[in-house]
Amino acid sequence: MYLGLDLGTSGVKALLIDAGQGVIGSGHGTLDVSRPHPGWSEQDPLHWIRACEDAIAELKTSYPKQFAAVKGIGLSGQMHGATLLDAADQVLRPCILWNDTRSHLEAAALDADPRFRALTGNIVFPGFTAPKLAWVKNNEPAVFAKAAKVLLPKDFLRLWLTGEHISEMSDSAGTSWLDVGKRCWSADLLAATSLDESHMPALVEGTAKAGGLRAELASQWGIEAGIPIAGGAGDNAASACGMGTVGAGQAFVSLGTSGVLFAANASYLPNPASAVHTFCHALPDTWHQMGVILSATDSLNWLCEITGKGAGELTSELGEALKAPTGVSFLPYLSGERTPHNDSAVRGSFTGLAHESGRAVLTQAVLEGVAFAFRDSLEALKTAGTTLTRVTAIGGGSRSRYWLKAIATALQLPVDIPADGDFGAAFGAARLGLIAATGADPLAVCSAPKTDATIEPDSGLAGAYADAYQRYRALYPAIKAVTA
């Protein structure tokens, strides 16, 4: 048996698979986000451990015999979080999360240093780790002075599991400290934030062993001490391993809290000006590109709160057949935007509202706005040298066939729906745990699931969607002036 642990923003998922990659079962632990000031987003790292213990306890209770046979563990987790530890590995302050925008000034200052884009292949976004450390230095100097190690969220769990400070390439590529082409820490970029390699964890590939399970935890859980903990992956790279999106030209669209258009690459293809993320993949000698939108299903969740209706209720009002855009447009910038704007200050909007714009019209506009945000990411990927011919849909929002039809029509690409199964980040982490424990061929293990159905673009609405996308594109520069 092999265990995948995925540390998300809202909880920890523990997934158990067997040697044939069949899913045995899962357990969950919940997490909350603290927002003490506008634009801030934090979590107590000790809560991650509690949630992980809850998830494992649920799994062990439900499947005691299978859990006792665990021979390898893989990790995935939310990226970019700044977890600061002192010399005794004690947490110095709450972790600053991926969707925290307080360090926008520090990010702009680092991005103005040409070495960052040249070595990382990316814009320095406010959500990345390096500007957060610059913010801590500027605003909490006593905390910064005590910081002996900076860990990403999943690697704090690894420290608890193994007692070692280790990370891997895919997650570390989102810090703004990694030389992404060479897959190693950059001394120059660390020095630019008054740090050095002693503050960083050691680096391995995601498929490699990165510590063994501590005897104390092994005894508590009734499994073998010292079993391998894989390097693992950042959440999107782990999802890609779960989906089999590891070869050049393979891609998925993730409709989660945030939205991701993810493409695997066989070589390093940076183009930071497009605001596309270019990161190391979890498999050796592979990379990937991502377009990221910050509010995907979060946009629909926001509308649910406003209307007092559930997501299923809202989308069911639209019926099954895709409708032509109404002229009401929605910009899904509820917490700023990454690709293609790199703008943490802009905010969302409805435009084109009229007396006849009822609830269903607003829902339709929200779904279309998110679809057009994915189209922005597709165009950005094209400028970065990646052409896609189809995508696979994952994430909670992919349960809406209407939304997938809107995305297919906006992208003018077929959208594949995988057969029933759990192919997310926890499954990808479990696959990496299997590889680390057995030495199996990563490409053989990280195969793609069977396709249950394919959503084709609506050719009859291609022109109407193209016109609506052009309206959508024209709105950002107009809105930016009055919302930033």
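Because the structure is predicted, anything quoted here is derived from the model rather than measured.

Enquirer: Looking at this structure, I do not really get the overall build of the protein chain. What am I missing?
Expert: The number of helices and strands found in the protein chain is 18 helices and 24 strands. In terms of overall dimensions, the protein chain is globule-like: its C-alpha atoms have a radius of gyration of 22 Å, near the 23 Å expected for 484 residues. When its C-alpha atoms are laid out on the principal axes, the protein chain stretches across 65 × 50 × 40 Å. For the protein chain, long-range pairs separated by at least 24 residues make up 72% of all intrachain contacts whose partners lie at least 6 apart in sequence. A total of about 17300 Å² of accessible surface is found on the protein chain, and carbon and sulfur atoms cover 52% of it. Taking the 36 positively charged and 47 negatively charged side chains of the protein chain as two groups, their mean positions are separated by 1 Å.

Enquirer: Looking at this model, I keep getting lost on the environment of S459. Mind explaining?
Expert: Along the chain, the position of S459 falls in the loop between strand 24 (451–455) and helix 18 (462–483). Looking at S459, the relative accessible area reads 66%, which means it is exposed.

Enquirer: When you look at the sheet that holds strand 22 (residues 391–394) in this model, what are you seeing that I'm missing?
Expert: Strands belonging to one sheet form pairs held by backbone hydrogen bonds; the direction of such a pair is parallel or antiparallel. One open sheet holds the seven strands; their spatial order is 18-19-17-16-22-23-24, and the pairing between them is mixed. A single partner strand is all that each edge strand has here, and the edge strands are strand 18 (277–280) and strand 24. Taking each pair of neighbouring strands and ignoring which way they run, the sheet shows an average axis angle of 30 degrees. Those strands touched by helix 11 (residues 235–243) are strand 16 (251–255), strand 17 (259–265), strand 19 (287–293), strand 22 and strand 23 (415–418), and its axis lies near 65 degrees from that of strand 17.

Enquirer: Just checking my understanding: could you explain the packing of helix 14 (residues 359–383) against helix 15 (residues 401–411) for this structure?
Expert: A pair of packed helices can be characterised by two numbers: the angle between their axes and the separation between those axes. Helix 15 packs onto helix 14 with a crossing angle of 40 degrees between their chain directions and a minimal axis gap of 9 Å. Here helix 14 is positioned oblique relative to helix 15, judged by the angle of their axes. Helix 14 and helix 15 meet at a crossing whose hand is right-handed. From helix 14, Q364, L367, V370, A371, F372, F374, R375 and L378 reach across to helix 15, where they touch Y402, W403, A406, I407, A410 and L411. Broken down by class, the residue content of the contact of helix 14 with helix 15 amounts to 12 nonpolar, one polar and one charged.

Enquirer: Looking at this structure, I do not really get the environment of L203. What am I missing?
Expert: Assignment of secondary structure puts L203 in strand 12 (residues 202–204). Under the relative-accessibility criterion, L203 is labelled partly exposed at 22%. Separated by 93 residues in the primary sequence, L203 and L110 have C-alpha atoms spaced 23 Å apart. What L203 contacts, discounting residues up to four positions off in sequence, is S167, E168, M169, S172, L178, C184 and W185.

Enquirer: Just to check I follow, could you spell out the pairing of strand 5 (residues 72–77) for this structure?
Expert: A regular strand places its side chains so that they alternate between the two faces of the sheet. Among the six residues of strand 5, six are classified as buried, and the element is accordingly described as predominantly covered. With burial as the criterion, each face of strand 5 is covered, one bearing G72, G74 and S76 and the other bearing I73, L75 and G77. With six bridges joining them, strand 1 (residues 2–7) and strand 5 adopt parallel strand pairing. Across the sheet, residue G4 finds its bridge partner in strand 5, namely G74. Note that strand 5 and strand 15 (residues 233–234) share two bridges and pair parallel. The residue bridging G77 from the neighbouring strand is G234, located in strand 15.

Enquirer: Teacher, can you tell me more about helix 11 here?
Expert: Every α-helix carries 3.6 residues per turn, so stepping three or four residues along brings you back to the same face. For helix 11, the tally of buried residues reaches eight of nine residues, placing the bulk of the element in the interior. Residues of helix 11 that are buried: N236, A237, A238, S239, A240, C241, G242 and M243.

Enquirer: Where do I start with unusual backbone geometry in this structure?
Expert: Keep in mind that most residues, glycine aside, have a negative phi and that most peptide bonds are trans. Cis rather than trans, the peptide bond between T339 and P340 has omega equal to 0 degrees. Backbone geometry places D89, a non-glycine residue, at a positive phi of 65 degrees. Residue placement: D89 occurs in the loop between strand 6 (83–85) and strand 7 (95–96). Backbone geometry at S176 places phi at a positive 75 degrees, although glycine is not the residue there. With respect to the helices and strands, the residue S176 is situated in the loop between helix 8 (169–172) and strand 10 (178–179). A relative accessible area of 1% places S176 in the buried class.

Enquirer: Where do I start with the environment of S103 in this structure?
Expert: Structurally, the position occupied by S103 is in the loop between strand 7 and helix 3 (104–111). Considering only alpha carbons, one finds S103 and N301, 198 residues apart in sequence, at a separation of 26 Å. Leave out the neighbours within four places in its chain, and S103 touches P126, P131, K132 and W135.

Enquirer: Mind showing me how you'd approach the packing of helix 11 against helix 16 (residues 425–438) here?
Expert: At a minimum axis distance of 7 Å, the contact between helix 11 and helix 16 shows a crossing angle of 75 degrees. As summarised for this structure, helix 11 and helix 16 are arranged roughly perpendicular, according to the angle between their axes. Across the interface between the two elements, D235, A238, S239, C241 and G242 of helix 11 pack against A425, F427, G428, A429, R431 and L432 of helix 16. Residues of the contact of helix 11 with helix 16, tallied by class, amount to six nonpolar, three polar and two charged.

Basis of the calculations
- Residues numbered from 1 in each chain as written.
- Predicted model: local features only at pLDDT ≥ 70, side-chain atom pairs only at ≥ 80, totals over all residues.
- Heavy atoms only, no water.
- Helix = DSSP H or I, 4+ residues; strand = E, 2+ residues; numbered from the N terminus.
- Rg over C-alpha atoms; globule rule 2.2 N^0.38 Å.
- Contact = heavy atoms within 4.5 Å.
- Areas by Shrake-Rupley, 256 points an atom, 1.4 Å probe, with all protein chains shown as cover.
- Lys, Arg positive; Asp, Glu negative; His and termini not counted.
- Charge placed at Lys NZ, Arg CZ, Asp CG, Glu CD.
- Buried < 20%, exposed > 50% of the residue type's maximum accessible area, 1.4 Å probe, protein only.
- Pairing = 2+ DSSP bridges.
- Axes fitted to C-alpha atoms, helices over the stretch in contact; angles between N-to-C directions.
- Parallel < 35°, antiparallel > 145°, perpendicular 65-115°, else oblique.
- Left-handed = near helix turned anticlockwise from the far one by under 90°.
- Nonpolar A, V, L, I, M, F, W, Y, C, P; charged D, E, K, R; others polar.

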